[in-house]
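Descriptive structure summary
Chain residues, written in single-letter form:
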Amino acid sequence: MPIARPAASVSLEGFELRVLRIPLVAPFTTSFGTEEVREAIVVRALTTDGEGWGEIVTAAAPLYSSEYTQGAWDVARRFLVPALLAQGTVAPEEVSGVLAPFVGHRMAKAGIELAVLDAGLRAEGRVLGEYLGAVHDRVPSGVSVGIQRDPAALVDVVGGYLDEGYVRIKIKIKPGRDIAETAALREAFGGIPLQVDANSAYTLADIDTLAELDRFDLLLIEQPLQEDDIVDHATLARALRTPVCLDESIVSRKAAADALALAAASVVNIKAGRVGGYLEAVAIHDLCRDAAIPVWCGGMLETGIGRAANAALAALPGFTLPGDVSASSRFYARDIVTEPAVLEDGHVRVPTGHGIGVQIDEIALEDFTVARETVRR
Ligand code: OSB
Ligand code: MG
């Protein structure tokens, strides 16, 4: 369902941008590298009716996608923020149109749009989940597990998450760190809901290895090939029994429609940052729902800001698979919101406060800030 009732327009006075560096509880290793610190940009929209918060989910280096923190910082302060401030008054639903002339930079746009949306909803006393069309008050929580030293270490780490109550395990894989890892988890934990994420580490030349995964009854394999390999993903999908899910490739509703038309994916991971915002994410949810394609909510190691908004998004009816919507403690010993998301019976609550529904811990925010700039009208 498209957004039923638009949010209030806001009269913009400025935007505060901050780069944060928040230590992770443990290094997070994927096929493209290891992160020990989360570098994120927090956006504070300053309006005549109060503030709104958003998060730009870029990482320090352009390894997952072409976006990265310093690039997002530059495009935000030089182009995106000035374009919005030039409007003066803007409705949250108008933000993407105002920013559309600037090509790409979807994560930067998404974080700014969320700040404006949060400001508009808070000013009206409305809740993000209800605004987006949420139909659940809590969502099942899956966990994304990085590549470990060896399969035995992976079994240990996954065992800990299962003990905590996570209802679905996703492991990162790459060539040479795939079959033995998956086999070890099946051996140790039997038929748990399990999926793998390759972050583009394979090519069609690896089709035999990828077909070996078929014997493990995985929920899905996420993004085995490159971002622009839509036709190759379709070829691979025909050769595998394991459902192919796309992450990196789905950068917009157009990309989603094209992937579905080519049968390149039978499941879609939706990340608001990757697609340019929560409204675009809802549009992709809607088109996948119409096409009977299950979706789930991906994550980008969000702080409590993005984590709250992701829980709201994941509560829409088409999100029929558990998402990477984990507790704050999965990544952080200390978060920047006053009530970080916790795991309750394998689920995370959809916030019910106004806007994104969480309050900023200004002391933590200050402690993690490494750069800041305020751009005013
Ligand atoms: O591919 O889903 C991914 C984190 C950073 C970049 C890409 C990905 C991920 C994750 C973590 O898998 C998901 C989370 O935030 O829990
Ligand atoms: Mg992924």
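The structure under discussion appears in the preceding block.
Summarised in this report is the structure supplied together with it. Everything quoted here is computed from the prediction, not taken from an experiment.

1. Looking at the overall build of the chain
Along its length, the chain carries 13 helices and 14 strands. Counting only C-alpha atoms, the chain reaches 60 × 40 × 35 Å along its principal axes. Across the 377 residues of the chain, 59% fall into the buried class. The contacts in the chain between residues at least 6 apart in sequence include a share of 73% that link residues at least 24 apart.

2. Here we look at the pairing of strand 7 (residues 168-172)
With respect to burial, strand 7 is a largely interior element, 5 of its 5 residues being buried. Here strand 7 shows no split at all, with Arg168, Lys170 and Lys172 on one side and Ile169 and Ile171 on the other all buried. Bridging between strand 6 (residues 142-145) and strand 7 involves 4 bridges; their strand directions are parallel. Across the sheet, residue glycine 142 finds its bridge partner in strand 7, namely arginine 168. Running through helix 5 (residues 151-164), the crossover from strand 6 to the neighbouring parallel element strand 7 is right-handed. The sheet contact formed by strand 7 and strand 8 (residues 194-197) spans 4 bridges and is parallel. Paired with lysine 172 across the strands is aspartate 197, a residue of strand 8.

3. Examining the nonpolar core
In this structure, Leu128 and Leu132 are the most contacted members of the largest nonpolar core, which totals 87 residues. With 7 residues, the single largest contributor to this core is helix 12 (residues 304-314). Built from parts of two domains, this core gets at least three residues from each of domain 1 (10-125 + 360-376) and domain 2 (130-349). Judged by nonpolar contacts, the second largest core, of 32 residues, contains Leu12, Phe15, Ala83 and Leu99.

4. Quick look at the coordination of the magnesium ion (ligand 2)
Taken together, Asp197 (OD), Glu222 (OE) and Asp247 (OD) make up the protein donors of the magnesium ion (ligand 2), found 2.1 to 2.3 Å from the metal. Sequence positions of the donors to the magnesium ion (ligand 2) reduce to the motif D-x24-E-x24-D. Taken together, the residues span a long stretch of sequence, with glutamate 222 in strand 9 (residues 221-222) and aspartate 247 in the loop between strand 10 (244-246) and helix 9 (253-261) at a distance of 25 residues. Each member of the pair, glutamate 222 together with aspartate 247, is buried.

5. A closer look at the packing of helix 1 (residues 69-87) against helix 3 (residues 106-124)
Two elements in contact, helix 1 and helix 3, have axes whose closest approach is 10 Å; the angle formed by their N-to-C orientations is 50 degrees. The angle between helix 1 and helix 3 falls in the class oblique. By crossing handedness, the relation of helix 1 to helix 3 is classed as right-handed. On the side of helix 1, the interface is formed by Ala72, Val75, Ala76, Leu80, Val81 and Leu84, while helix 3 contributes Ala108, Lys109 and Ile112. Taken together, the residues of the contact of helix 1 with helix 3 break down into 8 nonpolar, no polar and 1 charged.

6. Things to note about the sheet that holds strand 10
On the basis of which strands lie adjacent, the open sheet formed by 7 strands has the order 6-7-8-9-10-11-12 and parallel pairing. A single partner strand is all that each edge strand has here, and the edge strands are strand 6 and strand 12 (295-297). When strand 8 meets strand 9, the two strands line up parallel, connected through 2 bridges. Residue pairing in the sheet places aspartate 197 in a bridge with glutamate 222 of strand 9. On the sheet, helix 11 (residues 278-290) packs against strand 11 (267-270) and strand 12 and is oriented at approximately 165 degrees with respect to strand 11.

Calculation notes
Residues numbered from 1 in each chain as written. Chains lettered and ligands numbered in written order. Predicted model: local features only at pLDDT ≥ 70, side-chain atom pairs only at ≥ 80, totals over all residues. Heavy atoms only, no water. Helix = DSSP H or I, 4+ residues; strand = E, 2+ residues; numbered from the N terminus. Buried < 20%, exposed > 50% of the residue type's maximum accessible area, 1.4 Å probe, protein only. Contact = heavy atoms within 4.5 Å. Pairing = 2+ DSSP bridges. Right-handed = clockwise from strand over helix to strand, strands pointing away. Core = buried A, V, L, I, M, F, W, Y, C linked by side-chain atoms within 4.5 Å. Domains from an automatic or database assignment. Donors = N, O, S within 2.8 Å, 3.2 Å for Na, K, Ca; no water. Axes fitted to C-alpha atoms, helices over the stretch in contact; angles between N-to-C directions. Parallel < 35°, antiparallel > 145°, perpendicular 65-115°, else oblique. Left-handed = near helix turned anticlockwise from the far one by under 90°. Nonpolar A, V, L, I, M, F, W, Y, C, P; charged D, E, K, R; others polar.

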